[in-house]
Structure formats: structure tokens, C-alpha cells
Amino acid sequence: MREVNPASQPQYFPVTSFDLSQCDYLSFFLLLCNLAMAQTQTQRPCSSIIDSLGEEIVRIIAPVSICMFLVVILVSILNTDSSLFDASMSMVTMAYTETTSDSTWDKFLGALLNSLAFVVLVTFATFILVLLFYFRCTRFLKLYMAFSTFIVLGFLGGEVSLFLIQQFNTPVDCITFFLLLCNFAVVGVLTVFMSKMAIFVTQGYLVVIGILIAYSFTMLPEWTTWALLVAMALYDVAAVLLPIGPLRLLVELAISRDEEIPALVYEARPVNHGNLSPRDLVQRRRLWRERRVDNSNLQTDSNSALGHGSSVEFPSGSDGNPSNNLNMVRENPSRNANPTANSPGGSYGCISLVNAEEEPVRVHETDSELSAPLIDRGMNVQHGRGEDAVPSENLMLEGIGLGSSGSIKLGLGDFIFYSVLVGRAAMYDFMTVYACYLAIIAGLGITLILLALYQKALPALPVSIALGCPVYLMAKGNADVGIKPPTLPHHYHCATQTSGERYQLCL
Amino acid sequence: MESQNNNPNPNPLHRNSLPSSMPVWPTIDGSLGLSEEESVTYARRFYNFGFALLPLLWAVNCFYFWPVLRHSHSFPRIRPYIVRSAFGFAVFATVLCSWALTFAIGGERLFGPVWDQLVMYNLADRLGLTSWS
């Protein structure tokens, strides 16, 4: 797929026929293959703006799609009894554990309580993260991230692979199994720990971590899952857009210090705009795009909203004076004036900050560290651009990202919650999966467009969840009634009118 | 004269004047990756840590420094580590694969009752690994 033209995307929004549920699955898979191939194509210089924009979008949508696809596969293959995970989900279900004998209202209340407790926990943990980052406890944060990655990859990964082994009865011996698992976990920890590892390896491990955590989240009781999704979407909006939001503070801090966000953040490979030669790319040494003067945008405090929370980040050109900008202290001593030094300041190492949750570490720490905002990185073409810089011009030259290399960053929490939604849909029907997938991708596309427009850190969860949840309910409602294309509008009408009753029937 | 007119750089992505299109960057990420000085440290560290029963680290080493492996006589400081890592990974992979295949295909006929003790799903059931809380 050489050219990705966002204007005409028949492959993203095909006309679905309800009879062909299996074909939908196949086309879903083909679409993902296409996206994956586009993602892994070599860094050819893009000849036009549409090409580069499309390439950037594809490079972030492809791993999200792969994550969702693999979670769907895991969920449909492993029909594990959810009681296995109940204890491990004790942190999330601490307020209330759903049983089948409870009434609907009890379930609803319980789910609300659970999700509220979880959001409070995540907020608290994120504030601790911001505090630690503020006091430059980078070493501790990195260690904690490495530890939590090891737990996720080692224990969760081991458990999932054991489920798979049991499901397929593969005669693997314990020596080989433990050796491979150990290797996998340790190399994963190293990729997270080291700032400069192969980009593909880092991205792969982040996606795997997302898959494992999303799979374990799908084991939650149903009502709690949906309440959690909505609650996290709301939290995301609050944390990224409010001035006191922890994610916003974290991003501001990171940008002002020109440091990496101490969290698990997936960063897409930057697109080579404007046919830069490989040597020229070296000149970009900053982590973040230098704040451009933007006369219309006086958000001086909105620049650094990174952190936990699935949000898209932009550092916006705040005030009109680039010289007295926030302190751009170069923390990283390795970035010197040597032009042959490494390029865009270690942006490919994802310093994962794990929020300290003692208990089922695999549930929480990932959430806070993973829900880093979606950050757009712009290429730093010229330092100290003048007052009359036109943002849209720069946008096109530099790419829609916030970082100095124009790449888009998406927090791992986004991966996880998108995959949880789709995984929940997979427990029901593949048609539902496809519909939810399209809704989520549409939401992500809208978020990316907003990112390009507003040049600011934005939450990536709310739009997708807001589109995905109703689509799930509609698709489920349709499937219940009976799938007949000619009477489709009638069924939608029925579904919306009697939604309360149908909801009870469905769930 | 003819040789002077030849394009000294057949690969347009690699800007140098050597006729053998030597890569500029030692890592697979190209300009986004490491410089040559840092690469030596990384390659050496990966190679040494791989001895702790981590063949995957050797494999990552080879993958990361693929240009070094592919173009012989390039980056003379890095290349020994990468070549040795590749060799180590190949040996380890052969041994492990042969062991795993023997175990899987041989089964109880070859191993006797030990097979039931070693196979993973039985071990998981016995130790209760899948109902881990």
C-alpha cells in the first residue's frame, strides 16, 4: 500500500453485509495486513503532503489495529472461566464483585462503584508520578517501570501462554518454556529500560504489553468493564485538558525540561518529510518541537500535558516570546553539540513510568504508565522561528507530531482500553467486533485531526469510547433482534426505542 | 576515466564516496539509531549479557546491527561482537530446537514416565500455575 489517501478510504469504511460475518472477519484481517505492511515499509521520503500525513496516521493506526486484532484472537480462542481472574482483578473489583444472581440495578451500582474507585486510584497514582517526576527521581521511576514490565511480561505473559498451551495441548517441556519466557521477559525489560533500542523491538514489546493487559482486563465482569471504559474516558478528558490535570502537568514538565515522559508510550516512527537525507535527520536533537509563536494561542500552561492518561499531546506555541519560554533545560547530558550525536534525543526509548500499585501490579501499574497521552511531534526545522511563523505551514513541513521528529505518540493506556472494548465485543459476535473496530479507528482518526489542528496534547480515549460504546450496543441489539438487511432501519428504531428493555435482555 | 565517471555511490541513501556503498549508520534504524561510538558499547553489552542464557539478546543484537552484519569490512570495531552473537544465537537455537523437537516428537516412548513430569501442561496443573491469583 504505497499511497494512503485519507480522503478516499474505501478500505476503512466498507459497506458491510450482515450475512457475511465470516467475510467480515477475513476483510478485517486483510485490512490489518495492509496496515501492517504499510507500517513496516522502509522510510522512503514522501513525495507529497497527503502521502506523509497518511503515512503518519497509518503508522499509529497499524499498531493499534494489531493490538486489537490479537486481543480479539486471544479472547475468542481462550474461553477461560472468568473466575480464574477474579482474585487478580481484586483491585479493580474491590468495591463490588459481580455475581450473576444480582439484580440489574445492583450490578449497575456495583460497576459504578468499581470504576469510581479505580479512577480515584489512577488519579492518585498519576499525581504521585508527577511528583516523582518533578523531583527528578528518574532512576526510581525507570526501575519501577522495568519491574512492572517484568511482571507483566513474565507472569501475565506466562499465564496467557500456559492457557494457550493447555488449549492446544502442545507438548512443550518446562525447560524450554521457562527459558523462552525468561528470555522474552528480560529482553522486554531491557528494551523498556534502555533508551536506545531497536525501534521495531521497542514498539513490538509495547504492543505485547498492551495486549497482555487488555486481555486480562477483558476478564472483568461485564458491567464493570463498560463502567470502567466510560470512567477512564472521562478521567482522560479531565486529566489532559484541565489545568490541574495530572497528565497535563506531566506533559508540561516533560516539555519544559525536554525530557522523555516517564511512562510507557508508543511512539510511531517519524515520517521523512521533504526528502531529507539521512544525514540531515541528525540535526534534530530535541525531544520536543520547539514551541512556535502562535499569536492566536495563549495557552502558556498547556504545553506539558503528558503522563498517564490516554491523551494526545501537543506542545503549543504559547506566548509570543520564544526567548523567555519555559525553561528548556537540557537534562540529558548526552545531548551535546556534536552533530554526529544521536538524532532526535532518545525519543525512541520509552521510559515507562509505572505507577506504584502494590497489589495486582499487572492491573494497575500499567494503567497509569500506559495511559500517556497521544503526543504529536513536529520536526524541528529551524530553531527560534520568528513571530510570524504560520502554524499551518510548519505543520505541513514538520509533520503533525509534537516531538522534534514529527512522530505521533500514543499512550499505552489507549491501546489497552481500545482493545478491551473490542475484546468485549469479541465475546459476543464478530460483526460487533468489526463495527466497534471501525468506530474506534474513526475516533482515533478524529483525534489525530484535532491533534493536527490544535497542536496540543489531547486525550485519545473519549472520542473513540464515545463512538465505540453506542456502536457496540447497537450492533448487539441488532444481532438480538435478527439480522435482516431490508428491515434494518426498523430494527434500529426498535432498538433505540426499547433500549432500556433491550439492554436488560442483552445483559 | 570511466571509473571516475561511475557513480561512486550506487545507493542514493548512503552518502559517501566509497565505491562499496558502505552504510553510514551501524544500526538498523539508520539515522534514528546510535552513532558508531555508542554502538560499540551497546554491541559489547548485548554480547556479554547474552551469555546469561539469553540467546534472544544475541538475536536482538544481530537484528539491531544488521547493517554491520550484512556489509563485511564495515565498522571493524562492532563487527566481531555481532558475528559472535550471530554464531552464538545459531548454536543455541539449534540446540534448543533439537531438544524441543525431540521432546515433542519422542514423547513417552523415548522418555518414559519422566515425560509426563516434564511436559508443561501437566506441570501447570500440578503447580496450579494457571489459577494464579
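Residues numbered from 1 in each chain as written. Chains lettered and ligands numbered in written order. Predicted model: local features only at pLDDT ≥ 70, side-chain atom pairs only at ≥ 80, totals over all residues. Heavy atoms only, no water.

### Considering the overall build of chain A
(1) Moving on: Helix and strand content of chain A: 16 helices and five strands.
(2) Moving on: For chain A, restricting intrachain contacts to residue pairs at least 6 apart in sequence, the fraction spanning at least 24 positions comes to 84%.
(3) Moving on: When the accessible surface of chain A is totalled, it reaches about 18,800 Å², and 66% of it is carbon and sulfur. (Helix = DSSP H or I, 4+ residues; strand = E, 2+ residues; numbered from the N terminus. Contact = heavy atoms within 4.5 Å. Areas by Shrake-Rupley, 256 points an atom, 1.4 Å probe, with all protein chains shown as cover.)

### A few points about the overall build of chain B
(1) Moving on: When its secondary structure is counted, chain B shows seven helices and zero strands.
(2) Moving on: Start at the N end of chain B and walk to the C end: the helices and strands fall as α-α-α-α-α-α-α.
(3) Moving on: Expressed as a percentage of the 133 residues in chain B, the buried residues total 41%.
(4) Moving on: Taking the intrachain contacts of chain B between residues at least 6 apart in sequence as the baseline, contacts between residues at least 24 apart amount to 40%. (Buried < 20%, exposed > 50% of the residue type's maximum accessible area, 1.4 Å probe, protein only.)

### Let's talk about the UniProt feature "transmembrane region" (unreviewed entry) in chain A
All names here are of chain A.
(1) Moving on: In the numbering used here, UniProt assigns the "transmembrane region" (unreviewed entry) feature to residues 12-36, 57-78, 111-135, 147-169, 175-193, 200-220, 226-247 and 431-451.
(2) Moving on: Across residues 111-135, helical content stands at 96% and strand content at 0%; the span's end C-alpha atoms are separated by 36 Å.
(3) Moving on: Annotated as 82% helix and 0% strand, the span residues 226-247 places its first and last C-alpha atoms 23 Å apart. (UniProt positions renumbered as here; feature names shortened; annotations may be inferred.)

### Points about the packing of aromatic side chains
(1) Moving on: According to the stated counting rule, one finds 21 aromatic pairs over all chains in the structure shown.
(2) Moving on: For the pair A:Trp226 and A:Tyr472, a centre-to-centre distance of 4.3 Å together with 35 degrees between the ring planes defines the contact as tilted. Linking A:Trp226 in helix H8 (residues 222-241) with A:Tyr472 in helix H14 (residues 461-481), this pair joins segments that are 246 residues apart in sequence.
(3) Moving on: For A:Trp226, a relative accessible area of 10% corresponds to the buried category.
(4) Moving on: Ring centres of B:Tyr64 and B:Phe65 lie 5.1 Å apart, and the angle between their planes is 45 degrees; on these two criteria the pair is classed as tilted. For the pair B:Tyr64 and B:Phe65, one class covers both residues: buried.
(5) Moving on: By way of ring pairs, the aromatic residues B:Tyr47, B:Phe51, B:Trp58 and B:Tyr81 are connected into one cluster.
(6) Moving on: Geometry around A:Phe193 places A:Lys142 over its ring, the cationic atom sitting 5.7 Å from the centre.
(7) Moving on: A cation over a ring is seen here: A:Arg257 above A:Phe133, with NZ or CZ 5.0 Å from the ring centre. (Phe/Tyr/Trp six-rings, centres within 6.5 Å; stacked < 30°, edge-to-face > 60°. Lys NZ or Arg CZ within 6 Å of the ring centre and 35° of its normal.)

### Describing the UniProt feature "transmembrane region" (unreviewed entry) in chain B
All names here are of chain B.
(1) Moving on: Taking the numbering used here, the UniProt-annotated feature "transmembrane region" (unreviewed entry) corresponds to residues 46-69 and 81-105.
(2) Moving on: Secondary structure over residues 46-69 splits into 75% helix and 0% strand, and the C-alpha atoms at its two ends are 15 Å apart.
(3) Moving on: Annotation note: span residues 81-105, helix share 100%, strand share 0%, distance between end C-alpha atoms 35 Å.

### Observations regarding the nonpolar core
(1) Moving on: Ranked by size, the top nonpolar core spans 115 residues in total, and within it A:Met232 and B:Phe65 carry the most contacts.
(2) Moving on: Membership of the second largest hydrophobic core comes to 13 residues, among which are A:Cys174, A:Leu181, B:Val119 and B:Tyr121. (Core = buried A, V, L, I, M, F, W, Y, C linked by side-chain atoms within 4.5 Å.)

### So, the environment of A:Leu143
All names here are of chain A.
(1) Moving on: Secondary-structure assignment places Leu143 in helix H5 (residues 138-168).
(2) Moving on: Here Leu143 falls in the partly exposed class, since its relative accessible area comes to 47%.
(3) Moving on: Leu143 sits 322 residues away from Ile465 along the chain, and the two C-alpha atoms are 32 Å apart.

### Regarding a nonpolar patch on the surface
(1) Moving on: A surface patch of nonpolar side chains, about 400 Å² in accessible area, is lined by A:Trp105, A:Phe108, A:Leu109 and A:Leu112.
(2) Moving on: Taking the relative accessible area as the measure of exposure, A:Leu112 reaches 41% and is therefore partly exposed. (Patch = residues over 30% accessible without salt bridge, like charges linked within 9 Å, V, L, I, M, F, W, Y side chains within 5 Å. Salt bridge = Lys/Arg side-chain N within 4 Å of Asp/Glu carboxyl O.)

### Observations regarding the side chain of A:Arg257
Residues and elements named next belong to chain A.
(1) Moving on: With respect to the helices and strands, Arg257 occurs in helix H9 (residues 246-257).
(2) Moving on: At 4.1 Å, Glu259 is the nearest oppositely charged side chain to Arg257, a buried residue that forms no salt bridge.
(3) Moving on: In this structure the side chain of Arg257 is engaged in a polar contact, spanning 2.8 Å, whose partner is the backbone oxygen of Phe133. (Lys, Arg positive; Asp, Glu negative; His and termini not counted. Polar contact = N/O pair within 3.5 Å; in protein donor to acceptor, adjacent residues only side chain to side chain.)

### What about the environment of B:Phe63?
(1) Moving on: Locating B:Phe63 in the fold gives a position in helix H3 (residues 55-64).
(2) Moving on: Using a relative accessible area of 30% as the deciding quantity, one classes B:Phe63 as partly exposed.
(3) Moving on: Through-space distance from the C-alpha of B:Phe63 to that of B:Ile28 is 7.3 Å; in sequence the pair is 35 residues apart.
(4) Moving on: Other than its neighbours up to four places away in sequence, B:Phe63 contacts A:Ala198, A:Phe200, A:Val201 and B:Ile28.

### Digging into the pattern of salt bridges
Residues and elements named next belong to chain A.
(1) Moving on: The final tally for this structure, using the stated rule, is seven salt bridges over all chains.
(2) Moving on: Two residues, Arg248 and Glu252, come together in a salt bridge whose shortest N-O distance is 3.8 Å. You can see Arg248 and its partner Glu252 sitting in helix H9, four residues apart, about one turn around the helix.
(3) Moving on: One salt-bridge network, in which partners are shared between bridges, spans Glu222, Arg424 and Lys476.

### Describing the environment of A:Ala185
All names here are of chain A.
(1) Moving on: Looking at the secondary structure, you find Ala185 in helix H6 (residues 174-193).
(2) Moving on: With 56 residues separating them in the primary sequence, Ala185 and Leu129 have C-alpha atoms 24 Å apart.
(3) Moving on: If we ignore the near neighbours within four places in the chain, the residues touching Ala185 are Phe150, Leu153 and Gly154.

### A closer look at helix H4 (residues 104-134) of chain A
(1) Moving on: In this model H4(A) runs 45 Å from its N-terminal to its C-terminal C-alpha over 31 residues, within 8% of the 45 Å that 1.5 Å per residue would give.
(2) Moving on: One or two steps after H4(A), the chain reaches A:Arg136, where phi turns positive at roughly 55 degrees. (Expected span 1.5 Å × (residues − 1).)

### As for the confidence of the model for chain A
(1) Moving on: Looking at chain A as a whole, its pLDDT mean stands at 71, while 55% of the residues score no less than 70.
(2) Moving on: Note that pLDDT drops below 50 for residues 1-23 of chain A; the model gives that stretch 33 contacts with residues more than four away or on any other chain. (pLDDT = per-residue confidence, 0-100.)

### Considering the state of the cysteines
All names here are of chain A.
(1) Moving on: Inspection of every chain in the model, using the stated rule, returns zero disulfides over all chains.
(2) Moving on: Unpaired in terms of disulfides, Cys436 finds its nearest cysteine sulfur in Cys469, a separation of 8.0 Å.
(3) Moving on: On the accessibility criterion, Cys469 (13% relative accessible area) is buried. (Disulfide = S-S within 2.5 Å.)

### Looking at the pairing of strand E4 (residues 408-411) of chain A
Residues and elements named next belong to chain A.
(1) Moving on: In E4, alternate side chains face the same way, and those of Ile408 and Leu410 on one face and Lys409 and Gly411 on the other are all buried.
(2) Moving on: Bridge analysis of strand E1 (residues 265-267) against E4 gives three bridges, and the strand direction is antiparallel. Bridging from a neighbouring strand, Tyr266 pairs with Leu410 of E4. (Pairing = 2+ DSSP bridges.)

### Describing the confidence of the model for chain B
Residues and elements named next belong to chain B.
(1) Moving on: Considering every residue of chain B, the mean pLDDT works out to 81; 82% of them sit at 70 or more.
(2) Moving on: Here helix H1 (residues 2-5) is the element of chain B with the lowest mean pLDDT, 45, and H3 is the one with the highest, 93.
(3) Moving on: Every residue in residues 1-5 is under pLDDT 50, and counting partners more than four places away or in other chains gives zero contacts.
(4) Moving on: The complex model carries a pTM of 0.71, and its ipTM stands at 0.83.

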